[in-house]
Amino acid sequence: MADVGCGLGASTIIMAEAFERSSFVGFDFHDVSIEAARKAAAEAGVNQRAKFEVASAKDFPGNGYDLVCLFDALHDMGDPVGAARRIRQALAPDGTLLLVEPNAGDALEQNLNPVGRTYYGLSTVICTPGSLAQEVALGLGAQAGERQLAVVLREAGFTHVRRAAETPFNIILEARP
Ligand SMILES: C[S@@+](CC[C@H](N)C(=O)[O-])C[C@H]1O[C@@H](n2cnc3c(N)ncnc32)[C@H](O)[C@@H]1O
């Protein structure tokens with residue numbers, strides 16, 4: 001499986017610890033994060049099955065992945081549609097995209113609560129400028145909401161999109177080709 005926008009590799013390493021017979025690769029375009037992820041995987045003793053490579057979400061290598069995950073990363077990307085399109089192409093025919101994003105309502109007034117206010121603050125200083133600095137510069141923001149996320153996924157060619165689970169802080173969407 002691939003963990004796209006893996007950052008320091010925390011999620012990749014947790015999955016590699018849990019699923020001993022699977023192979024994992026984490027991709028991020030930030031080289032310093034990838035170096036740290038490799039070190040953390042070695043320290044956790046999972047570096048044989050959890051590899052890390054510097055790559056953008058739109059052109060990461062490999063095909064035939066059973067699972068591709070995006071943990072809190074799609075909304076940070078300048079071209080989330082392009083990233084999702086590449087993921088769709090990289091999945092095995094029966095593969096799945098697991099998308100974890102902040103749990104936001106589709107309308108502004110649904111997010112005027114302590115969690116939503118915190119996410120809007122973080123989004124203003126981190127996520128949105130990060131996206132606007134990249135090509136396409138869509139600027140989804142951390143409070144995109146499920147409806148807008150589904151629009152991005154369907155535009156990228158995914159036909160089945162559903163909310164698989166949620167916590168007070170995150171929604172977990174499943175998307176299939
Ligand atoms: C909020 S962090 C999440 C990191 C990690 N998934 C986690 O949950 O700890 C978002 C990550 O997306 C990465 N990112 C943003 N745009 C990207 C792009 N176009 N291609 C690859 N990685 C990207 C950033 O470098 C950052 O590591």
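Residues numbered from 1 in each chain as written. Predicted model: local features only at pLDDT ≥ 70, side-chain atom pairs only at ≥ 80, totals over all residues. Heavy atoms only, no water.

S.K.: Explain the site of the ligand here, please?
M.R.: Surveying the vicinity of the ligand reveals 15 residues, the closest of which are Gly5, Asp28, Ala57, Phe71 and Gln134. Residue Asp28 places a side-chain N or O atom 2.7 Å away from an oxygen atom belonging to the ligand. The class makeup of the residues in the shell around the ligand is seven nonpolar, five polar and three charged. (Near = heavy atom within 4 Å. Polar contact = N/O pair within 3.5 Å; in protein donor to acceptor, adjacent residues only side chain to side chain. Nonpolar A, V, L, I, M, F, W, Y, C, P; charged D, E, K, R; others polar.)

S.K.: How should the nonpolar core be read in this particular structure?
M.R.: Generally speaking, a soluble globular protein has its nonpolar side chains buried in company with each other. Among the nonpolar cores identified, the biggest contains 33 residues, and Val4, Tyr65, Ile87, Leu97, Leu153 and Phe158 are the most heavily contacted of them. Looking at which element gives the most residues to this core, the answer is helix α3 (residues 80-90), with five residues. Among all residues touching Ile87, those that are not within four sequence positions of it are Val4, Phe60, Val68, Leu70, Leu97 and Phe158. Within the second largest apolar cluster, 13 residues are counted, among which are Phe24, Ile34, Ala37 and Ala41. (Core = buried A, V, L, I, M, F, W, Y, C linked by side-chain atoms within 4.5 Å. Buried < 20%, exposed > 50% of the residue type's maximum accessible area, 1.4 Å probe, protein only. Helix = DSSP H or I, 4+ residues; strand = E, 2+ residues; numbered from the N terminus. Contact = heavy atoms within 4.5 Å.)

S.K.: Hey, could you run me through the packing of α3 against helix α5 (residues 146-155) in this one?
M.R.: Axes are the key here: two packed helices are described by the angle between their axes and the distance separating the axes. Look at α3 against α5: their axes get within 8 Å of each other, and the N-to-C directions meet at 55°. Taken as axis vectors, α3 and α5 run oblique relative to one another. For the pair α3 and α5, the sense of crossing is right-handed. Contacts between α3 and α5 involve Pro80, Val81, Ala84 and Arg85 from the former and Val152, Leu153 and Glu155 from the latter. Of the residues assigned to the contact of α3 with α5, the class counts are five nonpolar, no polar and two charged. (Axes fitted to C-alpha atoms, helices over the stretch in contact; angles between N-to-C directions. Parallel < 35°, antiparallel > 145°, perpendicular 65-115°, else oblique. Left-handed = near helix turned anticlockwise from the far one by under 90°.)

The values are spatial; any link to function lies outside them.
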